[in-house]
Amino acid sequence: MSKYSIVIAGGGSTFTPGIVLMLLENLDRFPIRQVKFYDNDAERQEIVAKACGIALRERAPDIAFSYTTDIREAFTDVDFCMAHIRVGKYAMREKDEKIPLKYGVVGQETCGPGGIAYGMRSIGGILEILDAMERHSPGAWMLNYSNPAAIVAEATRLLRPASRILNICDMPIDLMEKMASIAGLGSRKELTVRYYGLNHFGWWTDVRDARGSDLLPVIREHMAKHGFAQAPSATAQHVEKSWGDTFAKARDVYALDPETIPNTYLKYYLYPDYVVEHSDPNHTRANEVMEHRERNVFSACRAIIERGTAEGGGLEADVHASYIVDLATAIAENTRERMLLIVPNGGAIENFDPEAMVEIPCILGSNGYEKISMGRIPRFQKGLMEQQVAVEKLTVEAWIEGSYQKLWQALTLSKLVPSARVAKLILDDLIEANRDYWPKLS
Ligand code: NAD
Ligand code: G6P
Ligand code: MN
């Protein structure tokens, strides 16, 4: 087996330690010779890097480790980039969430105006690292889970069609862990599913165990009573009360179409009034994350640096992150694993825009992915998806053309925004807040 060289882009991310420890636990199936971190915030990255460097030295001293803010150095001699950057960091996420709420509109990281604003920041950041990877390590793969994945994926489809970037999301991973536990199975790995939609906007139509037995009846029964609540999964993510509410609300989302099992993110599109009523405009998810995950990860890292050892706890492998290792291993070792990816439709959903980026099952191997056909989809889902995909495409076009008009159209078309008037009010505030990050619009 070859040994691989990896760069983690967004080295200072709260998810970096979990991924590094997960990589360490999987060296037998995905052997590594080098790990590099890349970030454009040297100070933030250094704390995570010093702690992870200690863990790596203790557990796998043969792996070369370095961290840098020099993009050329970071992307030279790598086989894979695992990308989880957050352009504008939590300070901007907080604005994405609070500005729409000021106008009574859902304030969410990846949905509605907040997701559009985040997309307008992310596109440039992703293109920069993708170009650096292709220049300095031609042939390398980028496994991207930087958000908003739908908009990032549409931008790279349009602007870098030949690039080796695979866009992926972990929400279905956690929900499939939950479905496995509802069905009395040990892991999502025992499930074979059919699923279609957009990122953070999809439905399962078939869930089977390894012997091909249909698990939907038991999952449906659970969804009708509890949504995704009372269905434990091993992940350390998605554990706070606000996530608990989202899992419970999936019951009402499920009620719209009891034939399918919905992604939890549909809550924002189907029950926006409920979401706004249950939001605190002065304390949003960004605040929760800063108070919990960010604080915990950085204080654990600082403690490791102070002690000079990662033994005795602090950081944990993120079980959740195993899907990244699955994806990398599939390409590196041609495992032919079936995974959900965000890919150009091209007829995989027969009666849907061939040029839309859709989330569907694919077979992963050393040549990349092969899509599995999902056939025709019903009118309800198709109508919702057409509206949302237009929002995503208009956002990308607005970024490319610097078009105020198109971005106003994108916000107006979002199912979360009640009128063009409100869309304009939100847009003008977002422009002001994003001055350092968005292209100039006219
Ligand atoms: P974070 O703010 O802790 O980390 C992001 C890091 O990216 C920061 O250290 C920041 O300095 C760095 N960064 C920002 N812009 C950059 C640029 N242009 N170049 C290089 N580095 C840059 O955020 P987090 O909460 O750990 O999340 C990281 C990312 O992962 C986010 O985009 C988040 O939405 C995404 N995420 C996606 C999924 C998924 O399902 N696809 C799951 C979890 C997290
Ligand atoms: C899920 C989604 C991610 C999103 C995350 C937000 O995992 O799939 O795309 O970034 O939730 O979680 P947070 O804890 O940051 O609110
Ligand atoms: Mn996601």
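Owing to the predicted nature of the structure, the values given are computational and were not obtained by experimental measurement.

Colleague: Help me out: how do you make sense of the site of ligand 2 in this one?
Modeller: Around ligand 2 sit 14 residues in total, of which Asn-147, Asp-170, His-238, Arg-285 and Arg-293 are the nearest. Contact between ligand 2 and Glu-109: an oxygen atom at 3.1 Å from a side-chain N or O atom of the residue. Within the side chain of Asn-147, an N or O atom sits 2.7 Å from an oxygen atom of ligand 2. Computed on the free molecule, ligand 2 has an accessible area of 390 Å², of which 93% lies beneath the protein chains in the complex. By residue number, the principal contributor to the shell around ligand 2 is helix H12 (residues 285-307), which donates three residues. Split into classes, the residues belonging to the shell around ligand 2 amount to five nonpolar, four polar and five charged. Formed jointly, the shell around ligand 2 draws a minimum of three residues from each of two domains, domain 1 (4-170 + 287-371) and domain 2 (173-236 + 238-279).

Colleague: What should I look at first to understand the packing of aromatic side chains in this one?
Modeller: The geometry of an aromatic ring pair is captured by two quantities: the separation of the ring centres and the angle between the planes. For the coordinates displayed, the defined rule picks out 14 aromatic pairs. Considering the side-chain rings of Phe-201 and Trp-203, the 6.0 Å spacing of their centres and the 90° angle between planes classify their relative orientation as edge-to-face. Take Phe-201 and Trp-203: they sit in the same class, and that class is buried. Put simply, the rings of Tyr-196, Phe-201, Trp-203 and Tyr-269 pair up and form one aromatic cluster. For the cation-ring pair, Lys-249 lies above Tyr-271, with the distance from its terminal atom to the ring centre recorded as 4.4 Å. Geometry around Trp-408 places Lys-424 over its ring, the cationic atom sitting 5.5 Å from the centre.

Colleague: Help me understand the coordination of the manganese ion (ligand 3), please; the structure alone is not making it clear to me.
Modeller: Four donors placed tetrahedrally about a metal ideally form angles of 109.5 degrees, and six donors placed octahedrally ideally form angles of 90 or 180 degrees. Taken together, the protein ligands of the manganese ion (ligand 3) are Cys-169 (SG) and His-200 (NE2), with distances of 2.2 to 2.4 Å. Within this pair, whereas Cys-169 is found in the loop between strand S6 (165-167) and helix H7 (171-182), its partner His-200 is found in the loop between strand S7 (192-198) and strand S8 (201-208), the two being separated by 31 residues in sequence. Judged by its relative accessible area of 9%, Cys-169 falls in the buried class.

Colleague: Just checking my understanding: could you explain the site of ligand 1 for this structure?
Modeller: Around ligand 1, the surrounding shell holds 25 residues, and the nearest of these are Ser-13, Thr-14, Asp-39, Tyr-90 and Tyr-118. Contact distances for ligand 1 include 2.6 Å between an oxygen atom and a side-chain N or O atom of Thr-14. Ile-168 places a polar main-chain atom, nitrogen or oxygen, 3.2 Å from a nitrogen atom of ligand 1. The fraction of the free accessible surface of ligand 1 (860 Å²) that becomes covered by protein chains is 97%. Residue composition of the shell around ligand 1, grouped by class: nine nonpolar, eight polar and eight charged.

Colleague: Is there a simple way to explain the state of the cysteines in this structure?
Modeller: Joining two cysteines, a disulfide is a covalent bond between their sulfur atoms. Under the criterion given, the structure shown has zero disulfides. Left without a disulfide partner, Cys-301 is nearest to the cysteine sulfur of Cys-52, which lies 5.7 Å away. Taking the relative accessible area as the measure of exposure, Cys-301 reaches 0% and is therefore buried.

Colleague: Explain the environment of His-238 here, please?
Modeller: Structurally, His-238 is set in the loop between helix H8 (216-226) and helix H9 (241-255). When its relative accessible area of 9% is taken as the criterion, His-238 is described as buried. It is 8.5 Å that separates the C-alpha atoms of His-238 and Asp-174, two residues lying 64 residues apart in sequence. Apart from residues lying up to four places away in sequence, His-238 is in contact with Asp-170, Met-171, Asp-174, Trp-243, Phe-247 and His-320. Among the polar contacts listed, one links the side chain of His-238 to the side chain of Asp-174, at a separation of 2.7 Å.

Colleague: What am I meant to see in the pattern of salt bridges here?
Modeller: In a structure, side chains of opposite charge can pair up when their charged atoms sit close to one another. According to the stated counting rule, one finds 33 salt bridges in the structure shown. Between Asp-326 and Arg-188 there is a salt bridge, with the nearest N and O atoms lying 3.1 Å from each other. With Asp-326 in helix H13 (residues 322-333) and Arg-188 in the loop between H7 and S7, the pair connects residues that are 138 residues apart, well separated along the chain. No difference in accessibility class separates Asp-326 from Arg-188, as the two residues are buried. Across the pair Glu-432 and Arg-435 runs a salt bridge, and its minimum N-O distance is 2.2 Å. Three or more residues are tied together by salt bridges with common partners; here these are Arg-29, Glu-177, Arg-188, Lys-189, Asp-326 and Glu-337.

Colleague: Even after reading the chapter, I still don't get the environment of Ala-234, so can you show me in this structure?
Modeller: Take Ala-234: it is sitting in the loop between H8 and H9. Taking the C-alpha atoms as reference points, Ala-234 and Thr-110, 124 residues apart in sequence, are found 24 Å from one another.

Calculation notes
- Residues numbered from 1 in each chain as written.
- Chains lettered and ligands numbered in written order.
- Predicted model: local features only at pLDDT ≥ 70, side-chain atom pairs only at ≥ 80, totals over all residues.
- Heavy atoms only, no water.
- Near = heavy atom within 4 Å.
- Polar contact = N/O pair within 3.5 Å; in protein donor to acceptor, adjacent residues only side chain to side chain.
- Areas by Shrake-Rupley, 256 points an atom, 1.4 Å probe, with all protein chains shown as cover.
- Helix = DSSP H or I, 4+ residues; strand = E, 2+ residues; numbered from the N terminus.
- Nonpolar A, V, L, I, M, F, W, Y, C, P; charged D, E, K, R; others polar.
- Domains from an automatic or database assignment.
- Phe/Tyr/Trp six-rings, centres within 6.5 Å; stacked < 30°, edge-to-face > 60°.
- Buried < 20%, exposed > 50% of the residue type's maximum accessible area, 1.4 Å probe, protein only.
- Lys NZ or Arg CZ within 6 Å of the ring centre and 35° of its normal.
- Donors = N, O, S within 2.8 Å, 3.2 Å for Na, K, Ca; no water.
- Disulfide = S-S within 2.5 Å.
- Contact = heavy atoms within 4.5 Å.
- Salt bridge = Lys/Arg side-chain N within 4 Å of Asp/Glu carboxyl O.

Such coordinate-based values are descriptive only and should not be taken to indicate function.
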